[in-house]
Amino acid sequence: MSTVMMIWEEDTFDDVLKAPTGGPVEQPDEEDDLPLDGGIGDERGLVRIWADEQGHLERVRISKNWARKLNGTPLEVSFLEVFVALNNQHAPNGVQMPPPPELPPSTKKWRFDWDTLAGWQTEGDEIARRAEQISDIRPSQWVGEEVTGDAYNNRIVVTLDVHGRPARVDFDPSWMATLPTAKDLQHGVLRAYGMACEKHRPPVVDLGDLELFEQQGMQLVQQILSPDTEETN
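All of these numbers come straight from a predicted model, not from anything done at the bench. (Residues numbered from 1 in each chain as written. Predicted model: local features only at pLDDT ≥ 70, side-chain atom pairs only at ≥ 80, totals over all residues. Heavy atoms only, no water.)

Overview of the nonpolar core
Argument step 1. In terms of nonpolar packing, the biggest core is built from 31 residues, with Ile49, Ile62, Leu75, Phe79, Ile156, Phe171 and Leu185 touching the most fellow members.
Argument step 2. It is helix α6 (residues 182–199) that contributes the most residues to this core, seven residues altogether.
Argument step 3. Discounting chain neighbours no more than four positions away, the residues touching Leu75 are Arg44, Leu46, Val47, Ile62, Leu70, Phe171, Met176 and Leu185. (Core = buried A, V, L, I, M, F, W, Y, C linked by side-chain atoms within 4.5 Å. Buried < 20%, exposed > 50% of the residue type's maximum accessible area, 1.4 Å probe, protein only. Helix = DSSP H or I, 4+ residues; strand = E, 2+ residues; numbered from the N terminus. Contact = heavy atoms within 4.5 Å.)

Here you go:
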């Protein structure tokens, strides 16, 4: 069982049942139990999260006094803040694309003569010409989908980006108006996150025009340097 699954299954609850309606929020003069050790917190002291070395969400804490700390700014903003910080911490320059896959070795035997050299020269010139004529180079890009998971019958929805990283949390405004407890919110966010992780599938790379031309050029070089090139008599 994965770490993510263990986290939210420790406190299982049935989403078919009515979601908690909450109750009175703690009074302002009560001591807040939001821990300050480790993790990543937002500036308002509303949310703190912990993740493993791969950036997978492990723990969520929300201030007991979250409602009075909002000051007109939704709780979603605090989660956006800590998620951005988390993702930047683990991939400050974004998720790097892997290099193009290596081409299989050439199995064709070439007769090493002037005609072959001329053919290679022509093919190389054509690749270079096509690359220079591209006015709007299509870059390589990740191809995948965002996924969502929910808790309490869609009252809490967590969205993961194409790489499976937490991107945002959305709360049902009418339910939030009932002042659910911090514990209910914490459990719900982790529950929704776990559900989203189950749906996520890793993205694939769609090679851009420049990378495709580079591959063609490398294939030509491999042919030229191939040990299977035959010598003329």
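What about the pattern of salt bridges?
Argument step 1. A full pass over the atoms with the stated rule returns two salt bridges.
Argument step 2. A salt bridge links Asp161 to Arg165; the nearest nitrogen and oxygen atoms lie 2.8 Å apart.
Argument step 3. Between Asp170 and Arg168 there is a salt bridge, with the nearest N and O atoms lying 3.3 Å from each other.
Argument step 4. The partly exposed category is assigned to Arg168, whose relative accessible area is 37%. (Salt bridge = Lys/Arg side-chain N within 4 Å of Asp/Glu carboxyl O.)

Points about the sheet that holds strand β3 (residues 57–62)
Argument step 1. Strand order in this open sheet of three strands is β1-β2-β3, and the pairing throughout is antiparallel. Each edge of the open sheet is held by one strand with a lone partner, namely β1 (40–41) and β3.
Argument step 2. Bridging between β1 and strand β2 (residues 47–51) involves two bridges; their strand directions are antiparallel. For Gly41, the partnering residue across the bridge sits in β2 and is Arg48.
Argument step 3. Across the sheet, helix α3 (residues 75–90) lies against β1, β2 and β3, angled at about 30° from β2, the strand it touches most. (Pairing = 2+ DSSP bridges. Axes fitted to C-alpha atoms, helices over the stretch in contact; angles between N-to-C directions.)

Description of α3
One turn of the α-helix equals 3.6 residues, which is why residues spaced by three or four share an orientation.
Argument step 1. Taking 1.5 Å per residue, 16 residues should reach 22 Å; α3 reaches 23 Å between its end C-alpha atoms and fits that length.
Argument step 2. Among all positions in α3, only Leu75, Ser78, Phe79, Val82, Phe83, Leu86 and Asn87 are buried. Around the axis of α3, the buried residues are gathered within 160° of arc, so they sit on the same side.
Argument step 3. Contacts from the buried residues of α3 go to β1, β2, β3, β8 (166–171), α5 (173–176) and α6. (Expected span 1.5 Å × (residues − 1). Arc of directions from axis to C-beta.)

Quick notes on the sheet that holds strand β7 (residues 156–160)
Argument step 1. Overall, antiparallel pairing links the three strands, which are arranged β6-β7-β8 in an open sheet. Two strands bound the open sheet, and with one partner strand each, they are β6 (147–151) and β8. For this sheet the average axis-to-axis angle between neighbouring strands, irrespective of direction, equals 20°.

What about the pairing of β7?
Argument step 1. Among the five residues of β7, five are classified as buried, and the element is accordingly described as predominantly covered.
Argument step 2. In this sheet, β7 lies alongside β6 in antiparallel orientation, the contact comprising five bridges. Directly across from Gly149, in β7, lies its bridge partner Val158.
Argument step 3. Hairpin remark: β6 followed by β7, antiparallel, with four residues in the connecting loop; positive phi at Tyr152, about 55°.
Argument step 4. Counting the residues in the hairpin turn of β7 and β8 gives five residues, including Gly164, whose phi is positive at 85°.

None of this, on its own, says anything about what the molecule does.
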